[in-house]
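Given next are the chains, with one letter for each unit.
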Amino acid sequence: MSTHGKAASGARREPVRPEPVTPTMLRDWPLPGGGSGKDDRGSVLVIGGARMTPGAALLAGVAALRSGAGRLTLAVAESVAVHLAVALPEAGVLRLPETASGTVRGSSAAAVLAAPVEAADAVLIGPGLDDKDEATALLRGLLKLPAGKQPPAIILDAFALGSLPELAGELGPWAGRLILTPNVTEAGILLGHDAGELVRDVPELAEKYGAVVSCKGVVARPGGAGGKAGGKAGGGGGASLWEITTGHSGLGTSGSGDVLSGTIAGLRARGTTDAQAACWGTHLHAAAGDRLASRLGSLGYLARELTEELPPLMIELSS
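The structure reproduced in this document is the subject of the present report. Only a predicted model underlies this, so the values are computations on that prediction, with no experimental measurement involved.

## Some words on the pairing of strand β6 (residues 153-156)
- Neither face of β6 is left uncovered, since the one carrying Ala153 and Ile155 and the one carrying Ile154 and Leu156 both have all their residues buried.
- Note on the crossover from strand β5 (residues 122-125) through helix α5 (residues 132-143) to β6: the handedness is right-handed.
- Across three bridges, the pairing between β6 and strand β7 (residues 178-180) is parallel. Residue pairing across strands places Ile154 opposite Leu178, the latter belonging to β7.

If you want it as C-alpha cells, here you go:
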C-alpha cells in the first residue's frame, strides 16, 4: 500500500509521513493487563445480525473475545437470536425487533438497547445490518440515549457507516469516543469523493467526523494529522497518523472486516484509547492474515480463522 504521494492540487492537503506501526512500536505502547477477572477486561456489545447475515455479528463477537474482552453481548434480529446463542455460548444474546424480511427494525430497536448500551465499555454497530434506512433510524435513536456516567466507545462498521453523511450534524453525543472502520469504497462515500491517497484522505475523514479512523492499514485520529496530538509519550501514543507495515491481499475475504471491527472493539473495551485500539487491532488483523497465508496459502483462508491467531500474536507482542 502506498505511504507517500505527490502534493495534492487545489485545496487538498499534502500527504504527511505516517508513523509505521511495528512490533517494536506496539511493545512500547502496551495493552492494559488482564486484571483479576472478566469484569476487569470490559464488556462489548455488538449490534447487527440481520436474518440473512447473522454470521457477521458472530465473527465480530468472537474477535472481541479473542482480543481479550471479558464480556460479550450480541444484539441481533429476533429470528436468529437463539441460533447465535447456541453458536456462541460465551455470549449473551439480545433479540431485536425485525421487519418481515428479517432486517433489524432500527426505529424501535434503540429503546430495547438503552440498558445494554449503558452497561457496555465498547459498542460495535454494523456487522450484519443490511438496510441503510433502518441503520440510519437505529443510529439516530442510539444518539438520543442518555450518555451515562461512563459512556462507551462507539465503533461503526459496514451499513452503519453509510448513514453517517446524513447524520453528520447529529454526532455531538459521540464526540471523543467514535471509531470508524471503513473500507476504501465506504471511505469514499463518507468523504464525498473517491478515496485514493489514503495517507491524505483518512486524516480528512477523521477530521470531518471527529473520529479515529482505520482504513486499509492507515489509521488517523483528529487533532492535527500533520504532527503530534498529545497523548501518552511511549510507543505511538503521541502521533496522529499511522500506517500498518504488514498484511496480505488474502485479507480481502468475506467477513474479514467484521473480524477487524470486533478486534478493535475488544481492545477498546479493555481500556485502551481509541487510537491505540485502532492501531493494535489493525496490526493484529493484518499479522493474522500473514500467519494464515504462510501456512495455508495467500488465498482461501477464512475470516473466522483470523480470530484464532489473535491470542498468540498478543502474547508475542507483550514479550
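## Describing the environment of Ala87
- The residue Ala87 is located in helix α3 (residues 81-87) in this model.
- As for Ala87 and Asp290, which are separated by 203 residues in sequence, their C-alpha atoms are 27 Å apart.

## Observations concerning the nonpolar core
- Core analysis: the biggest nonpolar cluster contains 101 residues, and Ile47, Leu113, Ile125, Leu156, Trp174 and Leu180 have the highest contact counts within it.
- The biggest single contributor to this core is helix α11 (residues 274-296), with 11 residues.
- With sequence-adjacent residues up to four places away left out, Leu180 is seen in contact with Leu156, Leu161, Leu164, Leu190, Tyr209, Ala211, Val212, Val213 and Ser214.

## Considering the sheet that holds β5
- The mixed open sheet is built from 10 strands, whose spatial order is β1-β10-β9-β8-β7-β6-β5-β2-β3-β4. Strands at the two margins of the open sheet, each flanked by one partner only, are β1 (19-21) and β4 (92-96). Averaged over all pairs of adjacent strands, the angle between strand axes in this sheet comes to 20°, irrespective of strand direction.
- Where strand β9 (residues 218-220) meets strand β10 (residues 241-244), three bridges bridge the pair, whose relative direction is antiparallel. Each residue of the ladder has a partner; that of Ala220, found in β10, is Leu241.

## Quick word on the packing of aromatic side chains
- A complete count under the given rule lists one aromatic pair for this structure.
- Measuring from centroid to centroid gives 6.0 Å for Trp29 and Trp242, while their planes differ by 25°, and the two rings are stacked. Placement of the pair is Trp29 in the loop between α1 (23-27) and β2 (43-47) and Trp242 in strand β10, with a sequence separation of 213 residues. Here Trp29 matches Trp242 in class, with each residue buried.

Criteria and cut-off values
Each chain has its residues counted from 1, following the order in which its sequence is written. Two thresholds apply to this predicted model, a pLDDT of at least 70 for residue-level local features and 80 or more for giving and counting side-chain atom pairs, whereas whole-chain, interface and lining totals are computed over all residues. Calculation of side-chain values draws on the structure's entire complement of heavy atoms; hydrogens and water are dropped beforehand. Relative accessibility under 20% of the residue-type maximum defines a buried residue, over 50% an exposed one, and the middle range a partly exposed one, all with a 1.4 Å probe and only protein chains included. Comment: elements are numbered from the N terminus, with helices defined as DSSP H or I runs of at least four residues and strands as E runs of at least two. Crossover handedness is defined here as right-handed if the route from the first strand over the helix to the second strand goes clockwise, with the strands pointing away from the viewer. One bridge is not enough; two strands pair if DSSP finds at least two bridges between them. We define a nonpolar core as any set of buried Ala, Val, Leu, Ile, Met, Phe, Trp, Tyr and Cys residues linked to one another through side-chain atoms lying within 4.5 Å. Should any heavy atoms of two residues lie within 4.5 Å, those residues are considered in contact. Helix axes are fitted to C-alpha atoms over the stretch in contact, other axes to C-alpha atoms as well, and angles between N-to-C directions run from 0 to 180 degrees. Here a Phe, Tyr or Trp ring, Trp counted by its six-membered ring, pairs with any other such ring whose centre lies within 6.5 Å, and the pair is stacked when the planes are under 30 degrees apart, edge-to-face when over 60, and tilted otherwise.

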